[in-house]
Amino acid sequence: MAGAAPGGGASRSEVYRGSGPRLLLPAWIFIGVFLLLPVILMAVYSFLTKEFRGGVIWEFTFAAYDQFFLNRGLFGDEPPTIEWTYLGIFWRSIWQAGLATFFCLLIGFPTAWYVATRPVSTRSVWLFLITIPYWVNLLIRTVSMKFLLRDTGPLNEFLMWTGVIAEPLSLINTNFAVQVGLFYSYLPFMVLPIYAAVERYDFALSEAAADLYCDSWTTLRLVILPAVKPGIVAGCILVFVPSLGAFLAPDLLGGAKTFMIGSLIEEQFKGAAGNWPFGAAAAMILLTVVMGVLLIHARAQMREDG
Amino acid sequence: MDQKNIAVDVDHVVKRYGSVTALHGVTLDIREGEFFTLLGPSGCGKTTLLRCIAGFEDVSEGMIRLHGDDITPLPAHKRPVNTVFQQYALFPHMTVLDNVAFGLARRGWSARDAEGRARQVLKLVQLTDFAKRKPGQLSGGQQQRVALARALAPEPQVLLLDEPLSALDLKLRQAVRVELKQIQRETGIAFVFVTHDQEEALTMSDRIAVMSNGHVQQIGTPREIYEAPVNRFVADFIGETNLLEVDVQTVLGGRATVALPGGTVIDVPAADGAATGPGHLSVRPERITPTDGPGSVTATVDSHVYLGTDIQLHAKLDDGTPLVVRMQSSGADIPAQGTRLALDVEAGAARLLAD
Amino acid sequence: MAKTDLRRFAGFRVTTWLCLLVLYAPLVIVAVYSFNASTSITRWGGFSLKWYVDVFTGPEAPRFRDAAINSFVIAIAAATCATIIATAAAVAMNRTGRFRGKMASLALINLPLMVPEIVTAVASLIFFITIGFKTGLMTIFVAHLVFCIPFAYLPIAARMQSVPDMYEQAAMDLYATPWEAFRLVLLPLMIPGILSGFLLAFIISLDDFLITNFVKGAGIETLPTAIFGSVKQGIKPNIMAISTLLLGVSVVLVTLSWVIGRAGQSRN
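This structure is a prediction, so every number in the text was calculated from the model and none was measured. (Residues numbered from 1 in each chain as written. Chains lettered and ligands numbered in written order. Predicted model: local features only at pLDDT ≥ 70, side-chain atom pairs only at ≥ 80, totals over all residues. Heavy atoms only, no water.)

**Student:** Tell me about the overall build of chain A, residues and numbers included.
**Tutor:** Helix and strand counts for chain A stand at 12 helices and 4 strands. A globule of 306 residues ought to have a C-alpha radius of gyration of about 19 Å, yet chain A, at 25 Å, is considerably larger. For chain A, the spread of C-alpha atoms along the three principal axes comes to 85 × 70 × 35 Å. In chain A, which comprises 306 residues, the proportion classed as buried is 49%. Intrachain contacts of chain A at a sequence separation of at least 6 include 62% that bridge at least 24 residues. Total accessible area on chain A stands at roughly 14500 Å², and carbon and sulfur atoms take up 67% of it. Within chain A, the 20 negative side-chain charges are centred at a point lying 8 Å from the centre of the 19 positive side-chain charges. (Helix = DSSP H or I, 4+ residues; strand = E, 2+ residues; numbered from the N terminus. Rg over C-alpha atoms; globule rule 2.2 N^0.38 Å. Buried < 20%, exposed > 50% of the residue type's maximum accessible area, 1.4 Å probe, protein only. Contact = heavy atoms within 4.5 Å. Areas by Shrake-Rupley, 256 points an atom, 1.4 Å probe, with all protein chains shown as cover. Lys, Arg positive; Asp, Glu negative; His and termini not counted. Charge placed at Lys NZ, Arg CZ, Asp CG, Glu CD.)

Dropping the structure here:
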């Protein structure tokens, strides 16, 4: 029969069968041309030679990666040893992002659980309250945190008023401030996926566990956590990935000692001191790590789904 | 059969999904003005066949003709057939009237004419007062009638109904059966009705096609299907039956002599294709009766189920074959477990199957 | 014996309130201080609207006004285009059966969510400079459009999955062409999803600082880049007033989207 695909006729139950590729064309054009292509171009740039006033010279070199990973001495003539400056920044980024993820989970899981176990009538109001801050401009939220943590800011004033401290704490420009900023920026990202997982959780499982002599915390550990694990993992990724490349929190709340990879990259493209190939290489390294995390997650999920 | 009277001609239709074959060369024709039912268990291919006729599925091989014209390549919206969907699929954002007029408007009717016709059809299903409501404000039974009205409004050459009663509760379902049959007679449109409910099929249909595993097992009137099943599947699926393994000695002119388990030889009607050798005899439980005489078979009672007017006995023949016997409960003693019973098999009501 | 509630864990409620406190306290404090009459940003000098007046009439007013206009024009344009593209993509992914490259397309639509913002920013800048595209409003629009697509796509695709395709099948059974089935049946049923998709994309566009900062070119500002520029020189009260205004816009839009979502749910 005409039109029948080999191995059996395709189903016509899909209403607009055959128009799939056509309908996706705009998405392919815009994301393909204005994101995929630029990322590929950036990869190419990371292997080019830097020009001093910003920009590149089209000559192939490993110099950017060499500079990131290896130390060849002040004049570049010593035998290469590992360069710790940038790896240190990278490590600090991973550490800060990991810590932010941990704290978000610590606060986010009980919150998600509590909201998801509210009666249906009030649940959406709770959820609404949790999501609102997420929709408030990230810059404004970070500025608010900066204002709150200033030496003469409301937090210090409050602590001095209560007598807990005599002198203002210098909170701003510390790793602590950056950590608070990251935590504050991405906390809703942790709550929402866990909430979705808890909402799907079948409480008959808890009843079964209780019936089989589990107390509530044992039930949490042995039954609930494994059941909502996909939500927890998703939440952790949603917090970790943007924290790793964060720019606003380290830039506004931190200082020179709290430098993270996002600021390192940004610096290479701003002003005359920039180094485009080096910035592109750093961005490539960040992208590789992030894609690695996402890929591992995707594969684990696929294995679990069978 | 006169070619002109055939509304739908399904000609060796094969439907494959990848490596799975849902329809294995189905051939049947549906006559004009007929209430035709596709009956079978879920997964037998009945809904797939209906969707092939409607145009929601391509057929992999074969052809479907509507009044002699090949409609196989036509998409759903170019086929003059309409469907009543299982979940009704009433457009929730439109009023009842707009739902019913939808098909007419697509066929190019003016808004005025379409509304007039829609109101006329709503009258047929007794929903005139609900024209301006949204489907969500109607009861299940009312929604079902709107779905029927919407599909009837464009006067399709064939109306397809995909288990339209399954979402209704039992009482309503029985009332709607009568109503549906009446509307079918009044409109004279051929109905193709899909169901897994044999009672529905037997009470409403002019003819039934029993399907299983993508094959048509038997096509016939409800009476033919019930009383003269051709094979084990049909005998077992329609109503309740005992399938006895028998030794067929002779087959001649629609009758056969068979040896029952235990050796008694009886003369029974035989389906086309029945052959000598080992075979299966279908005997309905109500056609087996305890007797004081020697009987055709003997069985040992295992248990009984009290059904009000009837008692159902579960017994075993001497060779271990399970046997169900249905006897009237009035007056009779219930045989205790372990009782040996002599039973008569009513030869005229039994049927040798073609397997 | 009292029945234990299996949903309750000690400390979870306190944690939830703590979570809300952490989320809201900074915003509330900034909002309160934006009404401070004092010029010093830490001493409370009584209630006043003077910083709001300053936002609209002060020395920085023209700069912020232009930035606000840019922000809203770009957000409306990017969100509108992204919504149309995402709707088409959602139809392709949910209503057209299997085809080659379907999984790749899904990955592509989600790509802007997976690539870290700083990387997107850098890559976009490099791309525009290399092809000689003059940075300005147009480059901001294109960059925003790209990352708005997945945000518009999520609620639209979710809604489309919850609309069974039997409605469109019924439409086509009743002689509607595929386009009519889309326009008369699917589209009206999709309205809540499309509106939330648009609002989401709009807020995301309005929110963006990092990518905008890279591709905006000299002299062009959006509200976030203008605010960032000011904050670099220290937090001034007028920034708090602007922040509070923008916060209000976000809250109104999210509430709107929430109400629309609920209305759409209760109708079905």
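Here the narrative resumes, following the displayed structure.
**Student:** Explain the overall build of chain C residue by residue, including any values.
**Tutor:** Of the regular secondary structure elements, chain C holds 11 helices and 0 strands. In chain C, the order of α-helices and β-strands from amino to carboxyl end is α-α-α-α-α-α-α-α-α-α-α. Seen along its three principal axes, the alpha-carbon backbone of chain C occupies a region of about 75 × 70 × 30 Å. Sequence separation of at least 24 residues holds for 73% of the intrachain contacts in chain C that already meet a minimum separation of 6.

**Student:** Help me get a handle on the packing of aromatic side chains, residues and values and all.
**Tutor:** We describe a pair of aromatic rings using the distance from one ring centre to the other and the angle between the two ring planes. What the rule picks out here adds up to 49 aromatic pairs over all chains. Considering the side-chain rings of A:Phe269 and A:Trp276, the 5.3 Å spacing of their centres and the 50° angle between planes classify their relative orientation as tilted. Accessibility assignment for this pair places A:Phe269 and A:Trp276 in one class, buried. For the ring pair C:Phe198 and C:Phe202, a centre distance of 6.2 Å and an interplane angle of 25° mean the geometry is stacked. One end of the pair is C:Phe198 and the other is C:Phe202, both in helix H8 (residues 178-207) and 4 residues apart, which spans about a single turn. Of the residues examined, C:Phe198 reaches a relative accessible area of 24% and is grouped as partly exposed. Three or more aromatic residues joined by ring pairs make a cluster, and in this case those are A:Phe109, A:Trp113, A:Tyr201, A:Phe203, A:Trp217, C:Phe9 and C:Phe12. Over the ring of A:Tyr184 we find A:Arg141, and its NZ or CZ is 5.9 Å from the ring centre. Positioned above the aromatic ring of B:Phe91 is the side chain of B:Arg150, whose terminal nitrogen or guanidinium carbon lies 4.7 Å from the ring centre. (Phe/Tyr/Trp six-rings, centres within 6.5 Å; stacked < 30°, edge-to-face > 60°. Lys NZ or Arg CZ within 6 Å of the ring centre and 35° of its normal.)

**Student:** Any chance you could break down the interface of chain A and chain C for me, citing the residues and the numbers?
**Tutor:** Contacts between the two partners involve 95 residues from chain A and, on the opposite side, 92 residues from chain C. Carbon and sulfur atoms supply 81% of the area that chain A and chain C bury against each other, a total of about 8400 Å² over both sides. The largest per-residue losses of area from chain A upon contact with chain C belong to A:Tyr16, A:Trp135 and A:Phe147, which jointly make up 10% of the total buried on that side. Between the two partners, chain A and chain C, sit 1 salt bridge. C:Lys232 is the partner of A:Asp251 in a salt bridge, and the nearest nitrogen-oxygen pair spans 2.6 Å. (Buried area = accessible area lost by both parts, 1.4 Å probe. Salt bridge = Lys/Arg side-chain N within 4 Å of Asp/Glu carboxyl O.)

**Student:** Quick one: what's the story with the pattern of salt bridges, residue by residue and with numbers?
**Tutor:** Residues and elements named next belong to chain B. Using the criterion set out here, one finds 28 salt bridges over all chains in the structure. The residue arginine 287 makes a salt bridge to glutamate 346 at a minimum N-O spacing of 3.2 Å. With a gap of 59 residues between them, arginine 287 in the loop between strand E14 (277-283) and strand E15 (288-290) and glutamate 346 in the loop between strand E19 (340-345) and strand E20 (351-352) connect regions that are remote in the sequence. Taking relative accessible area as the criterion, arginine 287 reaches 33% and is therefore assigned partly exposed.

**Student:** Report on the pairing of strand E9 (residues 207-212) of chain B, specifying residues and quantitative values.
**Tutor:** Strand residues, when the strand is regular, have side chains that alternate between the two faces of the sheet. Residue and element names in this part refer to chain B. Among the 6 residues of E9, 6 are classified as buried, and the element is accordingly described as predominantly covered. Neither face of E9 is exposed, since Arg207, Ala209 and Met211 on one face and Ile208, Val210 and Ser212 on the opposite face are all buried. Relative to E9, strand E3 (residues 35-39) runs parallel, the two being bridged by 4 bridges. In the sheet register, leucine 39 faces E9, and the bridge partner there is valine 210. A loop of 2 residues connects E9 with strand E10 (residues 215-220), the two strands running antiparallel in sequence, and asparagine 213 in this loop sits at a positive phi of about 50°. (Pairing = 2+ DSSP bridges.)

**Student:** Explain the packing of helix H1 (residues 20-45) of chain A against helix H6 (residues 137-162) of chain C to me, using residue names and the numbers behind them.
**Tutor:** Orientation of H1(A) relative to H6(C), taken along the N-to-C sense of each, is 120°, at an axis distance of 10 Å. The handedness of the crossing between H1(A) and H6(C) is left-handed. For the pair H1(A) and H6(C), contact is made by A:Phe30, A:Ile31, A:Phe34 and A:Leu35 and by C:Val142, C:Leu145, C:Val146 and C:Ile149, respectively. Classifying every residue of the contact of H1(A) with H6(C) by side-chain character gives 8 nonpolar, no polar and no charged. (Axes fitted to C-alpha atoms, helices over the stretch in contact; angles between N-to-C directions. Left-handed = near helix turned anticlockwise from the far one by under 90°. Nonpolar A, V, L, I, M, F, W, Y, C, P; charged D, E, K, R; others polar.)

**Student:** Describe in detail helix H3 (residues 61-95) of chain C, supporting the description with residues and values.
**Tutor:** Over its 35 residues, H3(C) runs 49 Å from end to end, which matches the ideal 51 Å to within 8%, given 1.5 Å per residue. C:Gly97 lies just past H3(C) and shows a positive phi near 75°. (Expected span 1.5 Å × (residues − 1).)

**Student:** Please give an account of the sheet that holds strand E2 (residues 20-31) of chain B that cites residues and values.
**Tutor:** Residues and elements named next belong to chain B. The antiparallel open sheet is built from 4 strands, whose spatial order is E2-E1-E4-E5. The strands lining the two open edges of the sheet, one partner per strand, are E2 and strand E5 (69-70). One ladder, built from 2 bridges, connects strand E4 (residues 61-66) with E5; its direction is antiparallel. Residue leucine 66 lies in a different strand from E5, and its bridge partner there is aspartate 69.

**Student:** Account for the confidence of the model for chain C, with residues named and values stated.
**Tutor:** All names here are of chain C. On average, residues of chain C score 89 in pLDDT, and 96% of them reach the 70 mark or higher. For chain C, the element scoring lowest by mean pLDDT is helix H11 (residues 237-267), at 81; H3 scores highest, at 95. Predicted as a complex, the structure gets a pTM of 0.84 and an ipTM equal to 0.88. (pLDDT = per-residue confidence, 0-100.)

**Student:** Run through a nonpolar patch on the surface, naming residues and quoting values.
**Tutor:** Residue and element names in this part refer to chain A. Among the surface-exposed residues, Leu25, Trp28, Ile29, Val33, Leu36, Leu37, Ile40, Val44 and Trp58 lie close enough to one another that they form a single nonpolar patch of about 790 Å² accessible area. A per-element tally of the nonpolar patch places H1 first, with 8 residues. Position of leucine 36 among the secondary structure elements: in helix H1. (Patch = residues over 30% accessible without salt bridge, like charges linked within 9 Å, V, L, I, M, F, W, Y side chains within 5 Å.)

**Student:** Tell me about the pairing of E14(B), and name the residues and values.
**Tutor:** All names here are of chain B. In terms of burial, E14 is a largely internal element, 6 of the 7 residues being buried. Sheet analysis places strand E11 (residues 242-252) next to E14, joined by 7 bridges and oriented antiparallel. Residue valine 248 lies in a different strand from E14, and its bridge partner there is glycine 277. With 2 bridges connecting them, E14 and E20 associate as antiparallel partners. Its bridge partner being in E20, serine 282 is matched across the sheet by arginine 351.

**Student:** How would you summarise the side chain of C:Ser105 if you had to cite specific residues and measurements?
**Tutor:** Within the secondary structure, C:Ser105 is located in helix H4 (residues 102-114). Judged by relative accessible area, C:Ser105 falls into the buried class, the value being 3%. In terms of polar contacts, C:Ser105 uses its side chain to reach the backbone carbonyl oxygen of C:Gly101, at 2.7 Å. For C:Ser105, the contacting residues outside a window of four places in its chain are A:Leu24, A:Trp28 and C:Met93. (Polar contact = N/O pair within 3.5 Å; in protein donor to acceptor, adjacent residues only side chain to side chain.)

**Student:** So, the sheet that holds strand E7 (residues 158-162) of chain B: which residues are in play, and what are the values?
**Tutor:** All names here are of chain B. Spatially, E6-E7-E8-E3-E9-E10 is the arrangement adopted by the 6 strands of the open sheet, whose pairing is mixed. Edge positions in the sheet fall to strand E6 (81-84) and E10, since each has one partner strand and no second. If you compare each strand with its neighbour and ignore which way they point, the axes differ by 20° on average. Pairing geometry for E9 and E10, over 5 bridges, is antiparallel. Each residue of the ladder has a partner; that of serine 212, found in E10, is histidine 215. The sheet strands contacting helix H5 (residues 170-187) are E3, E7 and strand E8 (190-195), and the helix crosses E8 at an angle near 155°.

**Student:** Break down unusual backbone geometry for me, citing the residues and quoting the values.
**Tutor:** All names here are of chain B. Not every positive phi belongs to a glycine, and tyrosine 88 is a case in point at roughly 70°. Mapped onto the elements, tyrosine 88 comes out in the loop between E6 and helix H2 (96-106). Phi at alanine 89 is positive, roughly 50°, even though this residue is not glycine. You can see alanine 89 is positioned in the loop between E6 and H2. The buried category is assigned to alanine 89, whose relative accessible area is 0%.

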